[in-house]
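# Coordinate inspection notes
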Number of protein chains: 4
Amino acid sequence: MSETLDARTVREWGRRYSNWGRFGSDDERGTLNFITPERLLAALALPRHGRIHSCSLPFERNGPARGKRFNPIHTMLVDGGDTLSGAERYPGGFGYADDAVFMPLQCCTQWDSLAHVFYDGKMYNDRDVALVSSAGAAANSIDKLRDGVVGRGVLLDLARHRGVRWLEDGEAVAPEELDACAERQGVTVEPGDIVLLRTGKTMRHLEAGSWDGYVGPTPGLSLRAARWIYEREVAAVASDTFCVEVHPAETADCVMPLHMVSLRNTGLLLGEMFHLDALAEACAEDGEYAFLFAAPPLPITGAVGSPINPLAIR
Amino acid sequence: MSETLDARTVREWGRRYSNWGRFGSDDERGTLNFITPERLLAALALPRHGRIHSCSLPFERNGPARGKRFNPIHTMLVDGGDTLSGAERYPGGFGYADDAVFMPLQCCTQWDSLAHVFYDGKMYNDRDVALVSSAGAAANSIDKLRDGVVGRGVLLDLARHRGVRWLEDGEAVAPEELDACAERQGVTVEPGDIVLLRTGKTMRHLEAGSWDGYVGPTPGLSLRAARWIYEREVAAVASDTFCVEVHPAETADCVMPLHMVSLRNTGLLLGEMFHLDALAEACAEDGEYAFLFAAPPLPITGAVGSPINPLAIR
Amino acid sequence: MSETLDARTVREWGRRYSNWGRFGSDDERGTLNFITPERLLAALALPRHGRIHSCSLPFERNGPARGKRFNPIHTMLVDGGDTLSGAERYPGGFGYADDAVFMPLQCCTQWDSLAHVFYDGKMYNDRDVALVSSAGAAANSIDKLRDGVVGRGVLLDLARHRGVRWLEDGEAVAPEELDACAERQGVTVEPGDIVLLRTGKTMRHLEAGSWDGYVGPTPGLSLRAARWIYEREVAAVASDTFCVEVHPAETADCVMPLHMVSLRNTGLLLGEMFHLDALAEACAEDGEYAFLFAAPPLPITGAVGSPINPLAIR
Amino acid sequence: MSETLDARTVREWGRRYSNWGRFGSDDERGTLNFITPERLLAALALPRHGRIHSCSLPFERNGPARGKRFNPIHTMLVDGGDTLSGAERYPGGFGYADDAVFMPLQCCTQWDSLAHVFYDGKMYNDRDVALVSSAGAAANSIDKLRDGVVGRGVLLDLARHRGVRWLEDGEAVAPEELDACAERQGVTVEPGDIVLLRTGKTMRHLEAGSWDGYVGPTPGLSLRAARWIYEREVAAVASDTFCVEVHPAETADCVMPLHMVSLRNTGLLLGEMFHLDALAEACAEDGEYAFLFAAPPLPITGAVGSPINPLAIR
């Protein structure tokens, strides 16, 4: 715990916790490969209530995105006013509405594709950074995950585990705490699991009625969780923060170190800006923290991420 | 079969096959209400293979949208070139990529919300057309379906049933044919089902390597299927065409009559531009045409539709 | 001065200061008609220095737009990184860059078209409001002004006239003050003139380094200027504020009363968010407040406004 | 004339016809520097009619852009339907309309900035290609031309000169023909001039009612015009085609050779997709081919081009 974490650590752990080649030299699905048919079938057997909980924030202008990532701009192409005024409608009093959206694929609840981060000229599975150009990602793009993401979801409610409403900004969650939380909840994290981490950060901003500060210092995973992620062979990790990992990072000379180690090397699917409060309530009620989880990405050709509406089915 | 179908039929059948008020005066979920927890749990028990089939087309510039509905415009906000050139990257040789998309919500594989069509000043559940304004849909919008859509999917492979590669443009599929197809396939359509209709139209265009003519005359459901949909209490109907129903319509004076009757009155969820070929192959192989189906919409506030990546899990 | 201004005033003055029909029942150019060939030729003779001053703010993400009007989103379609990486370039080491912008037409320096405001079902020249639909403005759109806007510009530097750096938010500028300012500056406002009003509001925000509060309470023209505008037969009025007129308005029951009277009835071209500081400096130096002015709108078919780069040539 | 033109010619002529450093090592305005105050004042004295001719095509969905460059997508943010329905309007029956556009900056009538093309790692004035990143052009961007473009315009009506309605696709216009055309028209091309070349290509497509083939093989300037451009010290060259120069190029191994030599090295401002027919008619009528020309670019920060509405004032 006392060791100094820096960019060298990132590169060293990147080598150590690498899955490059493990699923084939042409693999573009990374840790999703851990969701075997057997594990998927087992996940399907989990729900007992027949209830679905969306883990998505609303996609809207007044959303959490900041800076380069603007919030969704939703605009109507045809609407009810056109029917009323007669400007655009079908003959005979029939009408319709169409709309469009302009949004960064990382502006709200989302998956990062394996083309999202890189270093030393490479992204996941030894592919060249130059493949991610203005034309999109020629490899590791989100559309390669079109036949997913469905599997066993496990919620680790860190805020509840700590007995707080939310973790403070800048607090790092160590792998030992993940285990302790799981144990307290009576659940085991298994290979192929989609792990959802609830820090309370999203709830804090929803309660405050403002997203200011949501993208910025945040609680999240310690870089030391990279080993835990690798060894547990989880399929995905998602959280109710904008970047899953703690920010500012434990590494003074590397901005998103866990992304670098786990996404680039382990091939980990990362989910961000999840809304986990309703799910957490339901889990706390019956003490069941494992469920069926489904969050198919939009197969936008060459995209490095996708907005999603993740569903937990209990 | 010899009766003349016209706009009066639409209004008459609209009254007959109406679910307004059935699920409460404030309901905005329509036929999705037919997916009860019990039915959902039953659907979860269907898969035996642990295999997932995406039913989505690629979202890309070279896609099927035409006219007012343009194809997705995907653009990078930061990319690998910025890391290589040093224009935009993290310190220490680390880099990332971000992107954005501008797309009509009806440009590719999608759900129509219950705010998508209207007549005589009203949309589903007696709500005023004026609620669908430039600001979006103040009622019946797609985000009201955020805790869905998951249930039992049933594929009706009409092309295979007819022994053709694809139905011809303009051919109407009568409800009797739906029953015959289901019977031939050894499957029964039950309340709460999500019915997927395969006409072969999408395959035809994929094989031709051109989407020209995809939006235009098309095979699809006869207006007479409105009663079948209502009585079967299906939760959703989707197809591999741009509008599910036959086009040009059987009603000379009403452009999208089945939309008008079923979406507006029955509260039916309609799915369009589905890609059903891989799923159809798999179903034909083992003769199992029922499966778990999951297609969560993006909860874009006030939207009248959503791009989706529908998954069939077998 | 003591009379109460309200929505009735707006309607009454709208009738009084109307140019409907004056330029023909099919006219869509309004007060631009006051710029006759003779007046244009006279304006061309004004410059003595051969110097050009742009009156445009930068169009950028960090701009003044707020709320529904977002700031321009500029995105690259191809860039230098693609040439460097080889992802997208011409053969032989040659390369190029392309880009795109998504912006409200009212987000920055702009002309309002004569389809921008309306009341009682009508816009300029007795045209129905229903003509402004989701498909754009079928009449009075900005592209009807494509052969303009060039004429004699006159700067009225109200801040300098008052001896202040900027007028305070909420201060109304009366027509008498326009005349006093012009007289002090030694210039006469003549028919066909494009009048530029400098309140100092833009400078205030540029100095503060923040646009917060720019769209909100602001100094600007009194509603009583409507008569002055009508009688002077000016071709256009523009200012360094977001709405030219004082805000909040002098009419408790009408939000943009001068827009309503002058744009809708007089057919006045309104220019907003102009950057007049460099021009004001130049005018103050030599005491010449009249100049050639050119600000062609982009002829976007059916648009209700256009971003512009207005040029003052001295 | 018999010499073979290839990429080596491009590099050699690029060196020969270079203005790098000529206007200062920090210059970003290139040949616009040739428009001196004296020349501008002289241009202002040219008009005799007081008539304005827009040289812009309509900006609309049904426009000439193809491929990566899509046509403008114009969408309403608020419209007359919202006023009619009451969904969005001011109190008291007052209403307004707002709109937005998404468009490539090169989709229609436009200026190319000096950051638009490059080779061997450099763009105009020895600046690095890496400066043109996903964040835009950090140098040579179009906003650096905000105090322009106004000067003496000269139309060379090549189609009329040849006695044809339009030049055929692939026909190259040699510098000798520019001189012959000017002489026939009784006009002399002088330093600082903005030269407008009319090939008839735009008219041909407007008459055909289709833009198909507009972006593709086209008549235009021979690469040999690079010397003429350099020696004449013109400020800008624009044409009624998508790329000004002949296409396919005379150089088998270089796609846009005149762009490479003249834009990158000479620092030439290039204008594309101009609509010159009305202007040509007016010039032919009175035999005056020189006029005042004004086409201010939108100062979009970091942009590599700008849509424009160029005005010829006679």
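### What about the overall build of chain A?
When its secondary structure is counted, chain A shows 9 helices and 19 strands. Against the 2.2 N^0.38 benchmark of 20 Å for 314 residues, chain A shows a C-alpha radius of gyration of 20 Å, consistent with a compact globule. Taken over the C-alpha atoms alone, chain A extends approximately 75 × 50 × 40 Å along its principal axes. The buried share of chain A, reckoned over its 314 residues, is 66%. Sequence-distant contacts, at least 24 apart, represent 78% of the contacts inside chain A between residues at least 6 apart. In the structure as shown, chain A presents an accessible area of about 9700 Å², 47% of it carried by carbon and sulfur atoms. Where the 31 positive side-chain charges of chain A centre and where its 43 negative ones centre are 2 Å apart.

### A word on the relation of the copies chain D and chain B
In screw terms, the move from chain D to chain B is a rotation of 180° and a rise of 0.0 Å along the axis, fitting with an RMSD of 0.0 Å. Expressed as an axis order, the relation between the two copies is that of a two-fold axis. Taking C-alpha positions as reference, the residue of chain D nearest the rotation axis is D:Phe102, located at 4.5 Å. The fraction of interface residues of chain D whose copies in chain B are also interface residues reaches 100%, indicating that both copies meet through the same surface.

### Comments concerning helix 9 (residues 277-286) of chain A
Residue and element names in this part refer to chain A. For helix 9, every residue scored as buried is listed here: Asp-277, Leu-279, Ala-280, Ala-282 and Cys-283. Against strand 1 (52-54), strand 11 (150-157), strand 13 (194-198), helix 6 (201-208), strand 17 (290-294) and strand 19 (311-313) lie the buried residues of helix 9. Immediately downstream of helix 9, the backbone of Gly-287 shows phi near 75°, a positive value.

### A word on the interface of chain B and chain A
At the junction of the two partners, chain B supplies 88 residues and chain A supplies 88 residues. With both chains or domains summed, chain B and chain A bury close to 6900 Å², and 66% of this area falls on carbon and sulfur atoms. One can count 4 salt bridges joining chain B with chain A. Here A:Glu88 and B:Lys68 are joined by a salt bridge, their closest N and O atoms 3.1 Å apart. Summed over the shared surface of chain B and chain A, the number is 36 residue pairs in polar contact (both at pLDDT 80 or more). Pairing of strand 3 (residues 94-96) of chain A with strand 6 (residues 117-119) of chain B involves 3 bridges; the strand directions are antiparallel. Within strand 6 of chain B, the residue paired with A:Tyr96 across the bridge is B:Val117.

### So, the interface of chain D and chain B
Between chain D and chain B, the contact holds 15 residues from the first and 15 residues from the second. Both sides of the chain D and chain B interface together cover about 1200 Å² of buried area, and 56% of this is carbon and sulfur. The three residues of chain D that bury the most area against chain B are D:Arg61, D:Phe102 and D:Ser134, which together make up 37% of that side's buried surface. Where chain D meets chain B, there are 4 residue pairs in polar contact (both at pLDDT 80 or more). The dominant element in the side of chain D that touches chain B, judged by the number of residues it contributes, is strand 2 (residues 73-78) of chain D, at 3 residues.

### Quick look at the environment of D:Leu298
Topologically, D:Leu298 is positioned in the loop between strand 17 (290-294) and strand 18 (305-307). Remark: the alpha-carbon pair of D:Leu298 and D:Leu145, spanning 153 residues in sequence, is separated by 9.0 Å.

### Observations concerning the sheet that holds strand 18 (residues 305-307) of chain A
Adjacent strands of a sheet form backbone hydrogen bonds with each other and so pair up, either parallel or antiparallel. All names here are of chain A. Strand order in the open sheet made by the 9 strands is 1-19-17-11-13-15-16-5-18, with mixed pairing throughout. Two strands lie at the open edges of the sheet, namely strand 1 and strand 18, each paired on one side alone. Strand-to-strand twist across the sheet, computed as the mean angle between neighbouring axes with direction ignored, equals 25°. Of the strand pairs in this sheet, strand 5 (residues 110-112) and strand 16 (residues 269-272) are connected by 3 bridges, and their pairing is antiparallel.

### So, the pairing of strand 15 (residues 236-239) of chain B
Residues and elements named next belong to chain B. Covered by surrounding structure in strand 15 are Ala-236 and Ala-238 together with Val-237 and Ser-239, the residues of both alternating faces. Relative to strand 15, strand 13 (residues 194-198) is paired through 4 bridges, and the arrangement is parallel. Directly across from Val-195, in strand 15, lies its bridge partner Val-237. Judged from the 3 bridges that link them, strand 15 and strand 16 (residues 269-272) form a sheet pairing that is parallel. Paired with Val-237 across the strands is Leu-270, a residue of strand 16.

### Thoughts on the pattern of salt bridges
The tally for this structure, following the rule as stated, stands at 101 salt bridges over all chains. For D:Asp193, the salt bridge goes to D:Arg152, with nearest N and O atoms at 2.5 Å. Of this pair, D:Asp193 sits in the loop between helix 5 (175-185) and strand 13 (194-198) while D:Arg152 is found in strand 11 (residues 150-157), placing the two residues 41 residues apart along the sequence. As far as burial versus exposure is concerned, D:Asp193 and D:Arg152 are alike and both buried. Within the structure, one salt-bridge network assembled from shared partners comprises A:Asp157, A:Arg160, A:Arg198, A:Asp277 and A:Glu281.

### Structural notes on the environment of A:Phe59
Note that A:Phe59 resides in the loop between strand 1 and strand 2 (73-78). A:Phe59 gets classed as buried once you look at its relative accessible area, which sits at 1%. If sequence neighbours within four positions are ignored, A:Phe59 has contacts with A:Pro72, A:Met103, A:Cys108, A:Thr109, A:Pro307, A:Ile308, B:Leu298, B:Pro299, B:Ile300 and B:Thr301.

### Some remarks on helix 8 (residues 257-266) of chain D
Residue and element names in this part refer to chain D. Summarising burial for helix 8: 10 of the 10 residues are buried, a large majority. Along helix 8, the residues classified as buried are Pro-257, Leu-258, His-259, Met-260, Val-261, Ser-262, Leu-263, Arg-264, Asn-265 and Thr-266. Immediately beyond the C-terminal end of helix 8, within one or two residues, lies Gly-267, with a positive phi of roughly 75°.

### Describing the side chain of D:Asp27
Residue and element names in this part refer to chain D. As for its placement among the helices and strands, Asp-27 is situated in the loop between helix 1 (7-16) and helix 2 (37-44). Buried and without a salt bridge, Asp-27 has Arg-29 as its closest oppositely charged side chain, separated by 6.0 Å. Among the polar contacts made by the side chain of Asp-27, one reaches the side chain of Asn-33 at a distance of 3.0 Å. Beyond its immediate chain neighbours, meaning those up to four positions away, Asp-27 contacts Asn-33, Tyr-124, Asn-125, Arg-127 and Asn-140.

About the thresholds
Residues numbered from 1 in each chain as written. Chains lettered and ligands numbered in written order. Predicted model: local features only at pLDDT ≥ 70, side-chain atom pairs only at ≥ 80, totals over all residues. Heavy atoms only, no water. Helix = DSSP H or I, 4+ residues; strand = E, 2+ residues; numbered from the N terminus. Rg over C-alpha atoms; globule rule 2.2 N^0.38 Å. Buried < 20%, exposed > 50% of the residue type's maximum accessible area, 1.4 Å probe, protein only. Contact = heavy atoms within 4.5 Å. Areas by Shrake-Rupley, 256 points an atom, 1.4 Å probe, with all protein chains shown as cover. Lys, Arg positive; Asp, Glu negative; His and termini not counted. Charge placed at Lys NZ, Arg CZ, Asp CG, Glu CD. Least-squares fit on C-alpha atoms with pLDDT ≥ 70 in both. Buried area = accessible area lost by both parts, 1.4 Å probe. Salt bridge = Lys/Arg side-chain N within 4 Å of Asp/Glu carboxyl O. Polar contact = N/O pair within 3.5 Å; in protein donor to acceptor, adjacent residues only side chain to side chain. Pairing = 2+ DSSP bridges. Axes fitted to C-alpha atoms, helices over the stretch in contact; angles between N-to-C directions.

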